[in-house]
Amino acid sequence: MQLNFLAIIGQVALALFAEIGRVTAFTWSAVSHILRPPFFWRLLSQQMMRIGYFSLPVVALTAFFTGGALALQIYYGGNNINSEAIVSTIVALGITRELGPVLGGLMVAGRVAAAIAAELGTMRVTEQIDALTTLSTNPIKYLVVPRLVAAVITLPLLVLVADIIGVMGGFVAGTASLNFNPGVYINSTVSFLKAGDITSGLIKAGVFGFIIALMGCFHGFHSKGGAQGVGRATTNAVVSSSVLILASNYVMTSLLFAK
Amino acid sequence: MTKDTPKIELRNVSKRFGSKVVLDNLSLTVSPGKSLIVIGGSGSGKSVMLKCVLGIIRPDKGEIFVDGKNVLKMSGGEREETLRKFGMLFQGGALFDSLSVWENVAFGLIQGRKMKRQAAKEIAYDKLAKVGLGAEVGALYPAELSGGMQKRVGLARAIAADPDIIFFDEPTTGLDPIMADVINDLIIASVKDLGATALSITHDMASARKIADEVAMIYKGQIIWKGPRADIDNSGNDYVDQFIHGRADGPIKMEVLKP
């Protein structure tokens, strides 16, 4: 019994290290292909449309309602005399530093990592990825690199939009239901927010974009066994990219804001 | 390279997945300009053998030569150069469903050989005509085609770049007997047309008898018999006899639990 238990721990550990090894090798091969020609510009712009542009509505809505809810929470929780300044500052900092990139990243992970994993997974099980090789086209270069680069470029842009709309959400909630003075709210937002608050969020967004596309591609590429395998790959892509986003966010916050 | 150099030679190739041995010290040669058919049951290692030659799967042991050069010791560039000699028809067609039919056929020319789109398009329509598909099919998408048409588009794609060597993976599986014979005729015509060397795997004996110059039988990851097509009915090999007559009883035991 005890031996069985140890054997299970051993098996899990081995499987975990094997997976880490596979992800590392895959990442290395993908990154090394980013810099080497040929480049597929048409595919890159196509992916930027799919990953970036079409994610705008969901990211914008998320940011808007989060900013609004945040404003209400701070107001109800704080009950301060000087609440216009406090609410607007905390909303702006919260959105730009944490909630914009993290919630934006998680929403895009659900949308994009799943779509990538399902598409590449289907291509894998129907031998389309093997067919690329026989047609003198490197599948990593043709399929993975455009998605990876597109996600790293578009995620910060998406988060920049999310920052603006999130702050606006706070503004709308503040002025419409808390009767704040619009001029004072905007003034204190602008005067407290620093460029570093925004850029730190955008750096995070770039990393999240990399994680989302990498996990989508990795799980799609390694899916096997028909429809069920593709379904599993899709689930794994969303779960692993979400967890990695949250974990890497913690690490980046501690590095970027360490005094 | 002398005239006797085999086009393709596998020497003592072994491959296992986990504890399952798929190829076991397999050796096989294909002479230039000949059509060799490898017959064998499901799970006998046929597909893995093809994928080893193409470099999609790396064997654990052994050597693989194409035109006398060991493909397993090649650099990335040499390997891509060698892959240009190959065309492959996949079992399920493996057509790219995001591209139209003509773009599928022209894919290797445009992506692999950097041909201009217009020139490649003309060749693509020419090859489609060769497999009996009219110009109206070119603009359709693979999902809009029947199984037989998809196979023919796959064949047109395989021969688009005028390959030296063509692989056929179960070319007639899943087709009705008449369409299967149409495909057989097209394979014979296109291989003869190109003067190519053909290596096919199948379990369809009617197809094997029709398109083979030579026949080899694979069983448990080894080549157990090889000879000219005419000898197949008196091979003196019990395994071959059982297979070509499709008997459940014989030396080959299927892993089926008896009720």
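Residues numbered from 1 in each chain as written. Chains lettered and ligands numbered in written order. Predicted model: local features only at pLDDT ≥ 70, side-chain atom pairs only at ≥ 80, totals over all residues. Heavy atoms only, no water.

Tallying secondary structure elements over chain B gives 8 helices and 10 strands in all. In terms of its C-alpha atoms, chain B occupies a principal-axis envelope of roughly 55 × 45 × 35 Å. Buried positions account for 51% of the 259 residues belonging to chain B. For chain B, restricting intrachain contacts to residue pairs at least 6 apart in sequence, the fraction spanning at least 24 positions comes to 64%. Carbon and sulfur atoms make up 51% of the accessible area of chain B, which totals about 12100 Å². Considering chain B, the positive charge centre built from 35 side chains and the negative charge centre built from 32 side chains are found 4 Å apart. (Helix = DSSP H or I, 4+ residues; strand = E, 2+ residues; numbered from the N terminus. Buried < 20%, exposed > 50% of the residue type's maximum accessible area, 1.4 Å probe, protein only. Contact = heavy atoms within 4.5 Å. Areas by Shrake-Rupley, 256 points an atom, 1.4 Å probe, with all protein chains shown as cover. Lys, Arg positive; Asp, Glu negative; His and termini not counted. Charge placed at Lys NZ, Arg CZ, Asp CG, Glu CD.)

On to the pattern of salt bridges, then. Enumeration over the complete set of coordinates arrives at 23 salt bridges over all chains. Close ionic contact of E119(A) with R50(A) constitutes a salt bridge, the shortest N to O distance being 3.2 Å. In this pair, E119(A) is assigned in helix α4 (residues 83–125) and R50(A) in helix α2 (residues 41–51), connecting sequence segments 69 residues apart. The partner of D67(B) in a salt bridge is K85(B), with the nearest N and O atoms 2.7 Å apart. Within this pair, whereas D67(B) is found in the loop between β4 (61–66) and β5 (69–70), its partner K85(B) is found in the loop between α2 (76–83) and β6 (86–89), the two being separated by 18 residues in sequence. (Salt bridge = Lys/Arg side-chain N within 4 Å of Asp/Glu carboxyl O.)

We now examine a nonpolar patch on the surface. Residues and elements named next belong to chain A. A cluster of nonpolar side chains, namely L3, F5, L6 and I9, defines an oily patch on the protein surface of about 450 Å² accessible area. Checked against the element boundaries, I9 lands in helix α1 (residues 2–34). Overall, I9 belongs to the partly exposed group, its relative accessible area being 45%. (Patch = residues over 30% accessible without salt bridge, like charges linked within 9 Å, V, L, I, M, F, W, Y side chains within 5 Å.)

At the interface, 23 residues of chain B touch 16 residues of chain A. With both chains or domains summed, chain B and chain A bury close to 1700 Å², and 59% of this area falls on carbon and sulfur atoms. Seen at the junction of chain B and chain A, the total is 2 salt bridges. One salt bridge connects D130(A) with K51(B), and the closest N-O pair in it is separated by 3.3 Å. Counting the contacts that link chain B with chain A gives 4 residue pairs in polar contact (both at pLDDT 80 or more). When contributions to the side of chain B that touches chain A are tallied by element, the ones reaching two or more residues are α1 (46–54), β6 and α3 (101–112) of chain B. If you tally residues by element for the side of chain B that touches chain A, the top one is α3(B), at 4 residues. Partitioned by chemical class, the residues of the side of chain B that touches chain A number 11 nonpolar, 5 polar and 7 charged. (Buried area = accessible area lost by both parts, 1.4 Å probe. Polar contact = N/O pair within 3.5 Å; in protein donor to acceptor, adjacent residues only side chain to side chain. Nonpolar A, V, L, I, M, F, W, Y, C, P; charged D, E, K, R; others polar.)

To continue, consider the domain arrangement of chain A. All names here are of chain A. Once the domains are mapped, chain A shows domain 1 (1–36) and domain 2 (41–256). If you look at the interface, domain 1 gives 11 residues, while domain 2 gives 15 residues. Of the roughly 1100 Å² buried between domain 1 and domain 2 on both sides combined, carbon and sulfur atoms contribute 81%. Looking only at domain 1, the three residues that lose the most surface to domain 2 are F26, H33 and I34, adding up to 53% of its buried area. The interface formed by domain 1 and domain 2 holds 0 salt bridges in total. (Domains from an automatic or database assignment.)

On to the environment of K15(B), then. Residue and element names in this part refer to chain B. Following the sequence through the fold, K15 ends up in strand β1 (residues 8–17). A sequence separation of 88 residues divides K15 from E103, and the C-alpha atoms of the two residues are 35 Å apart. Every residue in contact with K15, bar those within four places of it in the chain, is listed here: K20, V21, V22, L23, V48, I57, R58, P59 and D60. Within polar-contact distance, the side chain of K15 engages the side chain of D60 at 3.5 Å.

This part takes up the side chain of T234(A). Relative to the assigned elements, T234(A) resides in helix α9 (residues 226–256). Beyond its immediate sequence surroundings of up to four residues, T234(A) is in contact with A114(A), A117(A) and A118(A).

Residue and element names in this part refer to chain B. The strand order across the open sheet built from 6 strands is β6-β7-β8-β3-β9-β10, with neighbouring strands paired in mixed fashion. A strand with exactly one partner marks an edge of an open sheet, and here the two such strands are β6 and β10 (222–228). When the angles between neighbouring strand axes are averaged without regard to direction, this sheet yields 15 degrees. Pairing between strand β3 (residues 35–39) and strand β8 (residues 197–202): 5 bridges, direction parallel. (Pairing = 2+ DSSP bridges. Axes fitted to C-alpha atoms, helices over the stretch in contact; angles between N-to-C directions.)

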